[in-house]
Amino acid sequence: MTAIGTVAPRVHLDYARRPMLVFWETTRACQLACRHCRASATAQQLPGELTTAEGRNLIDQVAGFGRPYPILIFTGGDCLLRSDLFDLVKYATGLGIPVALSPSVTPALTPLMIDQISANGVRAVSISLDGAVAATHDGVRGIPGHFEDTVQAIRALVAAGLTVQINTTVMQANVEELADIAALVSNLGANIWEVFFLVQVGRGTASEAVSPIEHEDICHFLYDASHYGFIVRTVEAPFFRRVVARRKAGDPTPDSDLYLALSGRLKTLIGPAMRQPKAHTAATRDGKGIVFVAYDGDVYPAGFLPHSLGNVRLDPIAQIYQDDPLLRRIRAGNFTGRCGYCEYSDLCGGSRARAFAASGDPLAEDPACLYQPNRPDN
């Protein structure tokens, strides 16, 4: 499972010096076996997990970025399977570091656990919902009845006063349900809808991914969905920001069957859009404003980009983030192919994880983007 992003407006950050988000994969252990899992999570903890003392040291390293501190996201696997979770949460919040959690919906997520989450200074919680009906969601999660448990968990977290983010991974199995999922986000009172686009890592497969044309249609639909009161943002689809920019500039909507079906269904379910768009367009990307620490302390540009940069047991995370040559090139927009000469290279920059999965080069163009920028010599 991946986790929540920004939970409040942030001051301007110099992404060369500090990230906005630090994801810590506290464990690979999870009771679920989701078919698209980035981490290929396991039933048991893996050897080499950071200890409590090492976790505190990592938190000190996050504080070492200086103020404003990055948001520290405890993810997994299932972070609730760390017996020291709240000791670590208290340590981080005691230093003034904003904390978010990304738990799995399992029997561990009890009303008492939700009370503990709320009482220990957690800013926000993200929950995965991958279908609008039980058959779809349960099929992805691999557990009958998980859809109803997930809906009840979201309601309980909202009732506890937490900022709640719903994560949805787009795949062929649920693409036609996206409008219905958006309606659920609205009806359940969630604050944020974060939509993930598959990258071929872990248990994610190419056969589940949507096409570049479908990516574009979905991004246009997501811009429409952002008019209904909840924040919408994407993971591994930074070209959503290009779509938002062009729509705000007056570009027309697509006339494709998928877009028209999703947009029409959204209006049927929720009614005409009545609010200003809340589409998240911060110019972050894997390694720019984002950094990921694995269960064993290895550092990566993001959870979907398995290119190791070092280990927090050996070097401070701030030093790794600031000085790594690959991250410097990512932040500078030194890409090849279309991403290298695209006018949206800073705002978007393409999915570095998908480029790596497709070509082995994290600086290559993103094959899921269909936009054709003008070549410099044209």
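In what follows, the accompanying structure is described. (Residues numbered from 1 in each chain as written. Predicted model: local features only at pLDDT ≥ 70, side-chain atom pairs only at ≥ 80, totals over all residues. Heavy atoms only, no water.)

1. Some words on the pairing of strand β7 (residues 231-235)
Okay, so step 1: Within β7, four of the five residues are buried, which leaves it mostly tucked inside the rest of the structure.
Okay, so step 2: Pairing of strand β6 (residues 192-197) with β7, which is carried by five bridges, proceeds in the parallel orientation. Of the residues in β7, the one forming a bridge with I192 is I231. (Buried < 20%, exposed > 50% of the residue type's maximum accessible area, 1.4 Å probe, protein only. Helix = DSSP H or I, 4+ residues; strand = E, 2+ residues; numbered from the N terminus. Pairing = 2+ DSSP bridges.)

2. Things to note about the packing of helix α4 (residues 134-141) against helix α5 (residues 146-159)
Okay, so step 1: Two elements in contact, α4 and α5, have axes separated by 8 Å at closest approach and are oriented at 100°. Accordingly, the angle class assigned to the pair α4 and α5 is roughly perpendicular. Judged by residue contacts, A134, H137, D138 and R141 of α4 engage H146, F147 and T150 from α5.
Okay, so step 2: The residue inventory of the contact of α4 with α5, partitioned by class, reads two nonpolar, three polar and two charged. (Axes fitted to C-alpha atoms, helices over the stretch in contact; angles between N-to-C directions. Parallel < 35°, antiparallel > 145°, perpendicular 65-115°, else oblique. Contact = heavy atoms within 4.5 Å. Nonpolar A, V, L, I, M, F, W, Y, C, P; charged D, E, K, R; others polar.)

3. A look at unusual backbone geometry
Both trends apply: most residues other than glycine have a negative phi, and most peptide bonds are in trans.
Okay, so step 1: Along the chain, R67 connects to P68 via a cis peptide bond; the corresponding omega equals -5°.
Okay, so step 2: Positionally, P68 belongs in the loop between α1 (52-63) and β2 (71-75).
Okay, so step 3: Look at the link from G76 to G77: it is a cis peptide, with omega at 20°.
Okay, so step 4: Looking at the element boundaries, G77 is found in the loop between β2 and α2 (85-94).
Okay, so step 5: Here the phi dihedral of E236 falls at roughly 60°; this positive angle occurs in a residue that is not glycine.

4. Comments concerning the packing of helix α6 (residues 178-188) against helix α9 (residues 257-270)
Packed helices, taken two at a time, are described by the angle between their axes plus the distance between the axes.
Okay, so step 1: At their nearest, the axes of α6 and α9 sit 8 Å apart, and the two run at 35° to each other. When the axes of α6 and α9 are compared, the crossing they make is right-handed. Contacts from L178, A179, D180, A182, A183 and S186 of α6 reach α9 at L262, R265, L266, L269 and I270.
Okay, so step 2: Residues belonging to the contact of α6 with α9 are distributed by class as follows: eight nonpolar, one polar and two charged. (Left-handed = near helix turned anticlockwise from the far one by under 90°.)

5. Looking at α4
Okay, so step 1: Taken together, the buried positions of α4 are T136, H137, D138, V140 and R141.
Okay, so step 2: Of the surrounding secondary structure, the elements contacted by the buried residues of α4 are β4 (124-128) and α5.
Okay, so step 3: Just downstream of α4, G142 is the residue with a positive phi angle, here 80°.

6. Some thoughts on the environment of V199
Okay, so step 1: With respect to the helices, strands and loops of the structure, V199 is situated in the loop between β6 and α7 (212-225).
Okay, so step 2: Separated by 36 residues in sequence, V199 and V235 place their C-alpha atoms 10.0 Å apart.

7. Notes on the nonpolar core
Okay, so step 1: Formed by 109 residues in total, the largest nonpolar core has its most connected members in F74, W193 and F221.
Okay, so step 2: The leading source of residues in this core is α6, at seven residues.
Okay, so step 3: Excluding anything up to four places from it in sequence, F74 contacts W24, T26, I59, C79, L85, L88, V89, V99, A100, L101 and S102.
Okay, so step 4: Of all hydrophobic cores here, the second largest spans six residues; its members include F196, V235, L305 and A353. (Core = buried A, V, L, I, M, F, W, Y, C linked by side-chain atoms within 4.5 Å.)

8. Here we look at the pairing of β6
Okay, so step 1: Burial of β6 is extensive: six of the six residues sit out of reach of the surface.
Okay, so step 2: Regarding topology, α6 serves as the crossover connection from strand β5 (residues 163-170) to the parallel β6, and that connection is right-handed. (Right-handed = clockwise from strand over helix to strand, strands pointing away.)

9. Things to note about α2
Okay, so step 1: Turning to α2, its buried residues number three or more, namely L85, F86, L88, V89 and A92. End-on, the buried residues of α2 take up no more than an arc of 155°, which puts them together on one face.
Okay, so step 2: Packed against the buried residues of α2 are β1 (21-25), α1, β2, β3 (99-101) and α3 (111-119). (Arc of directions from axis to C-beta.)

10. Let's talk about the pattern of salt bridges
Side chains that carry opposite charge are capable of pairing whenever their charged atoms lie near each other.
Okay, so step 1: Within this structure, the stated rule accounts for 14 salt bridges.
Okay, so step 2: A salt bridge links R242 to E216; its shortest N-O distance comes to 2.8 Å. Linking R242 in helix α8 (residues 239-248) with E216 in helix α7, this pair joins segments that are 26 residues apart in sequence. An identical accessibility class is assigned to R242 and E216; each is buried.
Okay, so step 3: The closest approach of N and O atoms between D346 and K288, which form a salt bridge, is 2.7 Å. Here D346, found in the loop between α12 (338-341) and α13 (352-359), pairs with K288, found in the loop between β8 (285-286) and β9 (289-293); they are 58 residues apart in sequence, far enough to count as distant.
Okay, so step 4: The exposure class assigned to K288 is buried, which follows from its relative accessible area of 7%.
Okay, so step 5: Taken together, the salt bridges that share partners define one network made up of E49, R82 and D84. (Salt bridge = Lys/Arg side-chain N within 4 Å of Asp/Glu carboxyl O.)

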